[in-house]
Structure formats: C-alpha cells, structure tokens
Amino acid sequence: QVQLVESGGGSVQPGGSLRLSCVASGSIFISLVSMGWFRQAPGKQRELVARISSGGRTNYEDSVKGRFTISRDNAKNTLYLQMNSLKPEDTAVYYCNGPTTHYPWGQGTQVTVSS
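Small disclaimer: the values here were computed from a predicted structure and weren't measured.

(A) Main features of the state of the cysteines. Applying the stated criterion across every chain yields a total of 1 disulfide. What pairs with C22 in a disulfide is C96, and their sulfur atoms sit 1.8 Å apart. Handedness here is read from the sign of the S-S torsion; for C22 and C96, about 50°, the answer is right-handed. Taken together, the positions of C22 in strand β3 (residues 18-25) and C96 in strand β9 (residues 92-97) put the pair 74 residues apart, joining distant regions of the chain. Assessed through its relative accessible area of 0%, C96 is described here as buried.

(B) How the structure looks around the side chain of T78. Of note, T78 is situated in strand β8 (residues 78-83). For T78, a relative accessible area of 5% gives the class buried. Only 2.8 Å separates the side chain of T78 from the backbone oxygen of K76, close enough to count as a polar contact. Those residues in contact with T78 that sit more than four places away from it in its chain are S21, C22, V23, I30, S71, R72 and D73.

(C) Spatial organisation of the pattern of salt bridges. Tallied over the entire structure, the rule returns 4 salt bridges. Ionic pairing is found between R39 and E47, a salt bridge with its closest N-O pair at 2.8 Å. Residue classification places R39 among the buried positions, given a relative accessible area of 7%. Each member of the salt-bridge network shares a partner with another, and the members are R39, E47, R67 and D90.

What counts, and where the lines are drawn
Residues numbered from 1 in each chain as written. Predicted model: local features only at pLDDT ≥ 70, side-chain atom pairs only at ≥ 80, totals over all residues. Heavy atoms only, no water. Disulfide = S-S within 2.5 Å. Helix = DSSP H or I, 4+ residues; strand = E, 2+ residues; numbered from the N terminus. Buried < 20%, exposed > 50% of the residue type's maximum accessible area, 1.4 Å probe, protein only. Polar contact = N/O pair within 3.5 Å; in protein donor to acceptor, adjacent residues only side chain to side chain. Contact = heavy atoms within 4.5 Å. Salt bridge = Lys/Arg side-chain N within 4 Å of Asp/Glu carboxyl O.

By themselves, these observations are geometric and do not establish any function.
Set out below in structure tokens:
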C-alpha cells in the first residue's frame, strides 16, 4: 500500500519562499514513476502545478513557471517543491501524487501567502 506524507507548508508574506516535501512509502519508488504536486484553493478544484517524469523531465503550470521547482531524492524516496516569489494566489493545500495514476491522497500541507 502506498502512503504519501506531505510537509513543509506554512504562512509566509508575499515574495517569500517555502520548500515542500513528500515522503513516499509502501509499494512505490518515485524514481520509477511520474510524480506531481497538486494544489487546491478554497472553493476551487484541485489542480496539477508541477510534474516530474521518471526520466527527470519537468513541467509546470503557467502561473508557477520560473517560481516553483520540482525535484526528488531517489535515495530518500522523497519529492520536493521549492516555491519562491510566493503570491497570495498560491494559497492552497498542496498534495503530491501521480499526475495521472493516483495513489491514496495524503493529508496535504497548507500554504498561506498573506501580508
């Protein structure tokens, strides 16, 4: 069984940075599958903002390009999302999961950007 545990969220001012982590355990090796970061803002649908393929290719949703960086540590089976130049519209609960093949969702980590 796959378990995904997100952490690293918090409250920051606009322009600030956060680094999210997602530890994967169970029958999953993130080095062998595509993984992504999703976010869900209040009253909105969950959206995919960044993904990384098994080969290391990355893609980003337009609103986060140049500000967010997805990466992984295969030895730690951990996915990361470095978020810089944060904006109020980045406020959401952030989740990691497969971009198309979904594993059980974790609890997510709250990111709040506000002055």
